Amino acid sequence: MIEDAAFYIFAGVSLFSAIAVVLSKNIVRAAVGLLGTLGGVACLYFLADANLLGVIQLIVYAGGTLILIVFGIMLTSQSPWVGFLPTKVQAIAASIVAVILTIGIVRLVTLVPWAQRNPDELSQSLTVKSIGDALLTTYLVPFEVASVLLLVVMIGAAYLARTEK
Amino acid sequence: MALIRAIIKHPILSGLLAVTIGGIVVLTLIVAFLDQIKWVLSDQFWFSNILSLAIFGGIMTAVAYCILLERKISAWIQDRYGPNRVGPLGLLQPLADGVKLLLKEDITPGHVDKALFVLAPFMMFVVALIGFAVVPWGGTFRWPWMDADATPLVAQVASIDIAVIYLLAVGSMGVYGVVLGGWASNNKYAFYGAMRAAAQMISYEIPLGLVVLTAVITVGYLLPVDHAMDCLRLEGAVAAQAPHAASWTMWVVFYHPVAALLMFIAALAEANRAPFDLAEAEQELIGGFHTEYSAMKWAMFFLGEYAHMITSSAFMVCLFWGGYHLPYCTWLSTDESALAMLCRIGVIGAKIAIFIGAYMVVRWSLPRFRFDQLMRLAWKSLVPMGLVILAAQVLIVYYGWPQWISIVVNLGVLVLAAIASLTNAMPISGRQQSLLIKEKAAREKEYELQHAGV
């Protein structure tokens, strides 16, 4: 009962913030809406006993939104209240992509036979341990490739941002 | 009738009467619903909920008294009396402050982004409070009316398997309130404060993460092998520092004194406290991010800041300073009675209070860092020191070396840092360096002029 109520509250927060992201014309407000969406999804993960996923969601996405806000402020707007409006072509292209994505996700959710698990069994399984084991054994190569990619991006960014001498 | 009217009008007697009637009503209710109350308190789910409410109340009171303590300590350091007028020893001052802040006019200036301006203080406040969910306050216990073989309750709101990462994630969210508040104020000083806070938070996350990782690895090494996965739980970290087995009588701070110091510094910076309060900086930024705030919204920022201090102190106490354990007190660590639980809450509370006091003494003793000093401290001192300690701890665990080697490494890192800082004297700042060069050039010119005159 309480879990159902919490689910609807968090899902409502996510949806409401997502709508705010789409409708707001100010980049910082849009970023705050994004933060609300990501936080709501993180709460849904916590509710589903996927603690690690929830915390990673908070660190990577909600923490990353801070950088988004800082750069959004510093790089885009000359005056604090400058809004941004998409052109018609952009709006149509974005709508087509969104519709295709929505259809795909809904199809995926309805097609996959989701396994029902016993909640007690779930809370006792060591998700951190199994994820860590999997990342450092079976999926070591993709994991390392992703980290090398990040390193390349960081070196590139540092090279671009350095002061000319 | 006249007697009743006289009692109601009398200030003390009417108060006594109200308290007596209220007490009788509450006692009757408790006696009438005793079984239900016992059942609710014995159920882990409802107990956790009641505990979270109790912690909320306790933290709010503690925060109010932290502000009084702050003023008293600043007065003590500056050789003044401090607030001593409201109530005995000024103990009712927080109440008066609260009433004052509630009654003050809450101004929303016309040029601000209203939605975010209102949202920012609440964000700071909420984010500072949700960290308390994972702090282990009192360990496992049974109420006196429970069976001796019943499953013991845990005096902790949520026991999640990755509490350490959760606290790091939630702690780093605290800066959102500052950044959004500063941006929404639409004021240059507030905006500067917000940007400083963002840069500071991003820099000090890294040493904090390194040190927390070191502590987690140490705890995993100290715990018995079949419980090693508990090292990410805060109660696991606390259990590793319990005094009952001969090999783990010590707290992590004894193995990693320098790491504990680094964590204290990083936690000061994360909480935006002096000497790292560049986001406020009254002298330069007129209060920085909260320049445009007033009344209760202003107070929310500071309630959030003090709540953040308590969370980070609890985090440090659990990772490095033994949580609710004391050396040689095996009764305190192992007993499962409600009395022992209360004593454990007292011990962890006392340790947190000591840290809060340390925060305040530091704030009123040290001048504020300049921004370049802040960045240099994070990137050139804390990060290398944290990396060396972390690498040493990883080697110790990998090769199964005795844990005391980390003490040698810690002290070695400290000595190396001292040598490095003494041999590489940095220029004080770019601006001061250029001033020195200008001064020298002016002196030479004057000298030449004087000699040309001769």
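One can find the structure itself at the top, above this paragraph.
Below you will find a few notes about this structure.

1. Overview of the overall build of chain B
Piece 1. Check the secondary structure of chain B and you find 19 helices and two strands.
Piece 2. With the C-alpha coordinates of chain B rotated into their principal frame, the extents come out at 105 × 70 × 45 Å.
Piece 3. Across the 454 residues in chain B, those meeting the buried criterion constitute 46%.
Piece 4. Once local pairs closer than 6 in sequence are excluded, the contacts in chain B between residues at least 24 apart make up 76%.
Piece 5. Total accessible area on chain B stands at roughly 22800 Å², and carbon and sulfur atoms take up 72% of it.
Piece 6. Measuring between centres, the 28 positive side-chain charges of chain B sit 10 Å from its 29 negative side-chain charges.

2. Observations regarding the layout of surface pockets
Piece 1. Counted as a void, the second largest pocket has a volume near 2100 Å³.
Piece 2. What lines the second largest pocket is a set of 46 residues, and nearest its centre among them are I56, I59 and V60 of chain A together with I165 and L213 of chain B.
Piece 3. The set of elements that each furnish at least two residues to the lining of the second largest pocket consists of α3 (51–76), α6 (127–136) and α7 (140–161) of chain A together with α7 (163–173), α9 (188–222) and α17 (371–399) of chain B.
Piece 4. If one sorts the elements of the lining of the second largest pocket by residue count, α9 of chain B sits on top with eleven residues.
Piece 5. Each of domain 1 (1–83) and domain 3 (118–165) of chain A contributes no fewer than three residues to the lining of the second largest pocket.

3. Quick notes on the packing of α9 of chain B against α17 of chain B
Residue and element names in this part refer to chain B.
Piece 1. With their axes 9 Å apart at the nearest point, α9 and α17 run at an angle of 15 degrees to one another. Between α9 and α17, the angle falls in the class roughly parallel. As α9 runs across α17, the sense of the crossing is left-handed.
Piece 2. Split by residue class, the contact of α9 with α17 holds 22 nonpolar, six polar and one charged.

4. Overview of the packing of aromatic side chains
Piece 1. Following the criterion strictly, the structure yields 17 aromatic pairs over all chains and no others.
Piece 2. Ring geometry for F7 of chain A against Y8 of chain A: centres 5.4 Å apart, planes inclined by 75 degrees, an arrangement best described as edge-to-face.
Piece 3. Look at F7 of chain A and you get partly exposed, because its relative accessible area is 38%.
Piece 4. For the pair Y399 of chain B and W401 of chain B, a centre-to-centre distance of 5.3 Å together with 20 degrees between the ring planes defines the contact as stacked.
Piece 5. Residue Y399 of chain B is classed as exposed on the basis of its relative accessible area of 51%.
Piece 6. Site record: aromatic cluster; members linked through ring pairs are W251, F254, F264, W321, F355 and Y359 of chain B.

5. Thoughts on a nonpolar patch on the surface
Residue and element names in this part refer to chain B.
Piece 1. Taken together, the side chains of L17, I21, V25, V26, L27, L29, I30, F33, L34 and I37 present a nonpolar region at the surface, about 850 Å² in accessible area.
Piece 2. Of all the secondary-structure elements, those providing two or more residues to the nonpolar patch are α2 (11–32) and α3 (34–42).
Piece 3. With seven residues, the single largest contributor to the nonpolar patch is α2.
Piece 4. Residue placement: L27 occurs in helix α2.

6. Considering helix α8 (residues 175–184) of chain B
Piece 1. Counting buried positions along α8 of chain B gives ten out of ten residues, so the element sits mostly inside the fold.
Piece 2. If you check which residues of α8 of chain B are buried, you get V175, Y176, G177, V178, V179, L180, G181, G182, W183 and A184 of chain B.

7. Topic: α7 of chain B
It helps to recall that an α-helix has 3.6 residues per turn; residues three or four apart then point in one direction.
Piece 1. Burial analysis of α7 of chain B places eleven of its eleven residues in the buried class, which makes it a mostly covered element.
Piece 2. All of the buried residues in α7 of chain B are A163, V164, I165, Y166, L167, L168, A169, V170, G171, S172 and M173 of chain B.

8. What about the interface of chain A and chain B?
Piece 1. Listed by partner, the interface residues are 27 residues for chain A and 31 residues for chain B.
Piece 2. Overall, the association of chain A and chain B removes approximately 2400 Å² of surface from exposure, summing both partners, and the carbon and sulfur fraction of that is 83%.
Piece 3. Across the salt bridge formed by D113 of chain B and R29 of chain A, the nearest N and O atoms sit 2.5 Å from each other.
Piece 4. Summed over the shared surface of chain A and chain B, the result is three residue pairs in polar contact (both at pLDDT 80 or more).
Piece 5. Going through the elements one at a time, α2 (27–47), α3 and α6 of chain A are the ones with two or more residues in the side of chain A that touches chain B.
Piece 6. When residues of the side of chain A that touches chain B are assigned to their parent elements, the largest contribution, 14 residues, is made by α3 of chain A.

9. Considerations on the side chain of Q393 of chain B
Piece 1. Here Q393 of chain B is to be found in helix α17.
Piece 2. When near neighbours in sequence (up to four residues on either side) are disregarded, Q393 of chain B contacts T214, I217, T218, Y221, H256, Q403 and S406 of chain B.

Rules behind the numbers
- Numbering of residues begins from 1 in every chain and follows the order in which that chain's sequence is written.
- Here chains are named by letter from A upward and ligands by number from 1 upward, in the order in which they appear as written.
- This being a predicted model, a pLDDT of at least 70 is required before a residue's local features are given, and a value of 80 or more before pairs of side-chain atoms are given or counted; all residues contribute to the totals for chains, interfaces and linings.
- The basis for every side-chain value is the complete set of non-hydrogen atoms in the structure, without hydrogens or water.
- For the purposes of this entry, the term helix denotes a DSSP run of H or I that reaches at least four residues, the term strand denotes a run of E that reaches at least two, and both are numbered from the N terminus.
- Think of it in three bands: residues with accessible area under 20% of the maximum for their type are buried, residues over 50% are exposed, and the middle band is partly exposed, with areas taken using a 1.4 Å probe on protein chains only.
- Two residues form a contact once any of their heavy atoms are found within 4.5 Å.
- Working definition of accessibility: Shrake-Rupley area with a 1.4 Å probe, residue cover restricted to the visible protein chains.
- Two residue types count as positive, namely Lys and Arg, and two as negative, namely Asp and Glu; His and chain ends fall outside the count.
- Where a charge lies is defined by one atom per residue type: Lys uses NZ, Arg uses CZ, Asp uses CG and Glu uses CD.
- Definitions used throughout: a 1 Å grid over protein atoms alone; a cavity as a set of points that fits a 1.4 Å probe which cannot get out; a pocket as an open set with protein on both sides within 12 Å along at least five of seven lines; a lining residue as one with an atom within 4 Å of a point.
- Grid points are joined across faces, edges and corners, and a volume is the space filled by probe spheres set on the points.
- These domain limits were set by an automatic method or by a database of domain assignments.
- Fitted lines through C-alpha atoms serve as axes, helices being fitted only where they are in contact, and the angles separating the N-to-C directions of these axes extend from 0 to 180 degrees.
- Any angle from 65 to 115 degrees is called roughly perpendicular, while one under 35 is roughly parallel, one over 145 is roughly antiparallel, and all others are oblique.
- Throughout, a crossing is termed right-handed when the near helix is turned clockwise from the far one, and left-handed when it is turned anticlockwise from it by less than a right angle.
- Any residue outside Ala, Val, Leu, Ile, Met, Phe, Trp, Tyr, Cys, Pro, Asp, Glu, Lys and Arg is labelled polar, Gly included; the first ten of those are nonpolar and the last four are charged.
- The pairing test for Phe, Tyr and Trp rings, Trp by its six-membered ring, is centres within 6.5 Å, and the orientation test on the planes gives stacked under 30 degrees, edge-to-face over 60, and tilted for anything in between.
- Exposure above 30% relative accessible area and the lack of any salt bridge qualify a residue for a patch; like charges then connect within 9 Å, and the nonpolar side chains Val, Leu, Ile, Met, Phe, Trp and Tyr within 5 Å.
- Just to be clear on terms, a salt bridge is a Lys or Arg side-chain nitrogen sitting within 4 Å of an Asp or Glu carboxyl oxygen.
- Buried area: the accessible area, evaluated with a 1.4 Å probe, that two parts lose upon being put together, summed over both parts.
- Contacts described as polar in this section are N or O atom pairs within 3.5 Å, which, within protein, must combine one atom able to donate a hydrogen with one able to accept it, while residues neighboring in sequence count only if both atoms come from side chains.

Taken by themselves, the reported measurements are silent on function.
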